[in-house]
Amino acid sequence: MLELRQLCKHFGGVRAVDQVSLRVAKGEIFGLIGPNGSGKSTTVNLIAGLLLPTSGRIVLDGEDISSLATHQRVARGIARTFQNIRLFGQLTVWQNLWVAENRDRQQRAQPVMPRWFWGCEGDRERLGIALEFSGLAHKRDDLAANLSFGEQRRLELARALASQPKLLLLDEPAAGMNAQEIEELDARIRRIRDAGVTVLLIEHHMELVMAVTDRIGVLNFGQKIAEGSPAMVQNDAKVREAYLGTAAA
Amino acid sequence: MDFYLGLLQIIGVHTLLGLSAYVVLLTGQVSLAQAGFMAIGAYVSAMLTVLAKWALVPALLTGGAAAAAVACLVGFPALRVRGLMLVVATLAFGEAVRLFFFNFDYQIAMGGIKVGPLGGEGFRQIRYFPENGWTTFQVMVFIWLTVGVVMTALWWMDRSRVGAVLRAVGEDEVAAQSAGLNLTAVKVSAMTLGGFIAGVAGGLYAHYTTHIEQGNFNVLVATFAIAYPILGGLSNVFGTLAAVVFIQGFLIEGLRFLGDWRNLLFGALIVLAMNVRPGGLLDAQTMSKGLSALRRLLDPAYGSAAARQAIDGLKDAGAMFRRLIAKWKGAFGA
């Protein structure tokens, strides 16, 4: 599904992402973890196309997408959410979903003018489903800026799903959530996976990551130090060292 | 009477100019090129009616299309830069257009006299309206019909997906990209539409004044163009109209009796207006309040309630001023 090949991103002398290679299989929930500043968010921005790699390749379903613009990657099925929520605050909940461009090729082939002004045919049903999923149907015409924090997170997730992605990038979706909200998030992520969407989850909240992911990759100082099932990663010496430091000896 | 008709014509043309900047501002771009697009529309449509003897409406549309084409071409390189850099780039373009017309001669002899644009002297004898027997009143009505059509179209566009897309780009470009929007396409489309509206405004301006020159399209006009939607607020097209009425009708014409003091007050009153109404003269809240008040006024059962509403509105205004004065007192440490 998604493959990173020796991906590098350097900012001046800083190697934010250094020779990272990963494979995310279709239909799995892949966790990407690491201490602060280990290059997780940079990796997401590279995959989403907000940053271009210094070297290395990003391959989606056999196609090299390393140099494509962000909106072209969305058209190929990559959608994302942001660590610090980025909604269109002065648009209503419905408009936030409506803005999201649809990936479906058949629908993209419809005439431009009606598509621009009214959206694609079937938009109403598609967005209705996304709205239902976010649990915000009753706030359809509220401004996004007036939603509570948890609702904003749900709306952002729904906006990402509105473009009908194959691969969903979640950048710290649990940040600022309480235990109950995290439980709901866990269920929501599983439902997304069950609907056939591959999920790449970047998260600090270890309980959530260990519970929900199929496989995990661990970054430290921009390099991948471990990859495997949650149990394997938890017992990896290098990972423990990265998180807890070396034993004084 | 002619004075008021003339004032209405000015307000109409400036509303179109403000709306052209409104469209571009929705995407978060500040363009000082609108006066340049207006100049292109003015010269092209005037040359078509005077030199090629076209009818007015096709000439106006062609002038608008020419301005739109240039706006589209300018849009691609200009929109690669942002913020202040874009302001400077569009300012430079607007001045380049003005200087082009400063040096542009294209005169042909017609009935013994030479007509057409003549560099610094400008383009005289744009006599379409007098030759075809239009009265000032009819010209004014024609201008306002155009304003009405453009405002209706933009009002509807605001409510379609396009409106949401333009505003999304204006609010957060990174999020808009990540929702799959092609930023360049959206921004250039907005620029092109803005160019078209400015071009039509220029065409109308050229025909009602009958004489245009490069100085009519200087930086001051470009500044006014973006000042209208900023002052009026971006929540809907009527804000721009309100701002044009406020500036052209009240500040410029209404305060003429003050003589030189007017120029001093001009800036101060704009600052005051923005202070009192930070969301624009007509923000979304005022608009919905106004609409429901109007509905109630038209409903006979609520006649007396409407009067109460008006009194409450005055009270609100009084409270607003008191708050403002309290704020200023605080600022001076009083």
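Residues numbered from 1 in each chain as written. Chains lettered and ligands numbered in written order. Predicted model: local features only at pLDDT ≥ 70, side-chain atom pairs only at ≥ 80, totals over all residues.

What follows deals with the overall build of chain A. Across its full length, chain A carries 11 helices and 10 strands. What you see for chain A is a C-alpha radius of gyration of 19 Å, in line with the 18 Å of a compact globule of 249 residues. Taking the principal axes of its C-alpha atoms as reference, chain A extends roughly 65 × 40 × 35 Å. Relative to its full complement of 249 residues, chain A shows a buried share of 42%. (Helix = DSSP H or I, 4+ residues; strand = E, 2+ residues; numbered from the N terminus. Rg over C-alpha atoms; globule rule 2.2 N^0.38 Å. Buried ≥ 20, exposed ≤ 12 C-beta atoms within 10 Å, placed from the backbone.)

What follows covers the pairing of strand β2 (residues 14-24) of chain A. Side-chain positions along a regular strand alternate between the two faces of the sheet. All names here are of chain A. Summarising the sheet, strand β1 (residues 2-11) and β2 pair through seven bridges and their orientation is antiparallel. Paired with L4 across the two strands is L22, which belongs to β2. Linking β1 to β2, which pair antiparallel, is a turn of two residues; within it G12 sits at a positive phi near 60 degrees. (Pairing = 2+ DSSP bridges.)

What follows covers the domain arrangement of chain A. Buried accessible area, meaning the area lost when the parts come together, often serves as the stated size of an interface. Residue and element names in this part refer to chain A. Parsing chain A into structural domains produces domain 1 (1-77 + 166-244) and domain 2 (84-164). For domain 1 versus domain 2, the separation of C-alpha centres amounts to 24 Å. Counting residues at the interface gives nine residues for domain 1 and seven residues for domain 2. If one sorts the elements of the side of domain 1 that touches domain 2 by residue count, helix α2 (residues 70-75) sits on top with three residues. Class assignment for the residues of the side of domain 1 that touches domain 2 results in five nonpolar, three polar and one charged. (Domains from an automatic or database assignment. Contact = placed C-beta atoms within 7 Å. Nonpolar A, V, L, I, M, F, W, Y, C, P; charged D, E, K, R; others polar.)

Another aspect to go through is unusual backbone geometry. Residue E172(A) is not a glycine yet carries a positive backbone phi of 45 degrees. Here E172(A) lies in the loop between β7 (167-171) and α8 (179-194). Unlike most non-glycine residues, Q125(B) shows phi in positive territory, near 55 degrees. Following the sequence through the fold, Q125(B) ends up in the loop between β4 (122-123) and α5 (128-131).

Listed as interface residues are 23 residues of chain A and, on the opposing side, 17 residues of chain B. Broken down by secondary-structure element, the contributors of at least two residues to the side of chain A that touches chain B are α2, α3 (93-99) and α5 (112-118) of chain A. In terms of residue count, the dominant contributor to the side of chain A that touches chain B is α2(A) (four residues). Residue composition of the side of chain A that touches chain B, grouped by class: 12 nonpolar, seven polar and four charged.

In this section: the domain arrangement of chain B. Entries for chain B in the domain assignment read domain 1 (2-226) and domain 2 (287-331). Placing a centre on the C-alpha atoms of domain 1 of chain B and another on those of domain 2 of chain B gives a separation of 37 Å.

A word on the nonpolar core. Counting residues in hydrophobic clusters, the biggest one holds 155 residues, and the most contacted among them are V199(A), L201(A), M38(B) and A201(B). Per-element accounting of this core gives the leading share, 14 residues, to helix α9 (residues 183-209) of chain B. Aside from chain neighbours lying at most four places away, what touches A201(B) is V13(B), L16(B), L17(B), S20(B), M38(B) and G41(B). (Core = buried A, V, L, I, M, F, W, Y, C linked by C-beta atoms within 7 Å.)

Residue and element names in this part refer to chain A. Taken together, four strands build an open sheet; the order of strands is β2-β1-β4-β5 and the sheet is antiparallel. The sheet is open, and its two edges are formed by β2 and β5 (63-64), each paired on a single side. Helix α1 (residues 40-48) contacts β1, β2 and β4 (55-60) of the sheet and is inclined by roughly 65 degrees relative to β2. (Axes fitted to C-alpha atoms, helices over the stretch in contact; angles between N-to-C directions.)

All names here are of chain B. Put simply, helix α1 (residues 2-26) and helix α6 (residues 136-159) touch, their axes get as near as 9 Å, and they point 25 degrees apart. Regarding the angle of α1 to α6, the classification is roughly parallel. Once α1 is placed against α6, the crossing between them reads as left-handed. Within the contact between the two elements, α1 uses D2, L5, L8, Q9, G12, V13, T15, L16 and L19 and α6 uses T136, F137, V139, M140, I143, W144, T146, V147, V150, M151 and L154. When its residues are assigned to classes, the contact of α1 with α6 shows 14 nonpolar, five polar and one charged. (Parallel < 35°, antiparallel > 145°, perpendicular 65-115°, else oblique. Left-handed = near helix turned anticlockwise from the far one by under 90°.)

This paragraph deals with helix α2 (residues 34-50) of chain B. Here α2(B) is 17 residues long and its end C-alpha atoms lie 24 Å apart, about the 24 Å a rise of 1.5 Å per residue gives. Within α2(B), 17 of the 17 residues are buried, which leaves it mostly tucked inside the rest of the structure. (Expected span 1.5 Å × (residues − 1).)

Residues that lie three or four places apart on an α-helix share one face, since the helix turns once every 3.6 residues. Those residues of helix α11 (residues 237-254) of chain B not exposed but buried are V237(B), G239(B), T240(B), L241(B), A242(B), A243(B), V244(B), I247(B) and Q248(B). On its buried side, α11(B) packs onto α1, α6 and α10 (219-232) of chain B.

Let's shift gears to the confidence of the model for chain B. All names here are of chain B. Taken as a whole, chain B shows an average pLDDT of 88; of its residues, 93% reach a score of 70 or greater. Taken element by element, the predicted model of chain B shows its lowest mean pLDDT in helix α14 (residues 303-331) (70) and its highest in α2 (96). ipTM for the predicted complex: 0.91, alongside a pTM of 0.87. (pLDDT = per-residue confidence, 0-100.)

All names here are of chain B. Locating R80 in the fold gives a position in the loop between α3 (56-78) and α4 (83-102). Classification of R80 by C-beta neighbours within 10 Å gives exposed; the count is 12. Here the alpha-carbon distance between R80 and P229, two residues 149 residues apart in the chain, equals 23 Å.

All right, on to the packing of α1(B) against α10(B) then. Residue and element names in this part refer to chain B. Two elements in contact, α1 and α10, have axes separated by 8 Å at closest approach and are oriented at 70 degrees. Comparing the axis directions of α1 and α10 gives the class roughly perpendicular. Contact with α1, carried on its side by H14, L17, G18, S20, A21, Y22 and L25, involves F224, A225, I226, Y228 and P229 of α10 and no other residues of that element. In terms of residue class, the contact of α1 with α10 is built from nine nonpolar, three polar and no charged.

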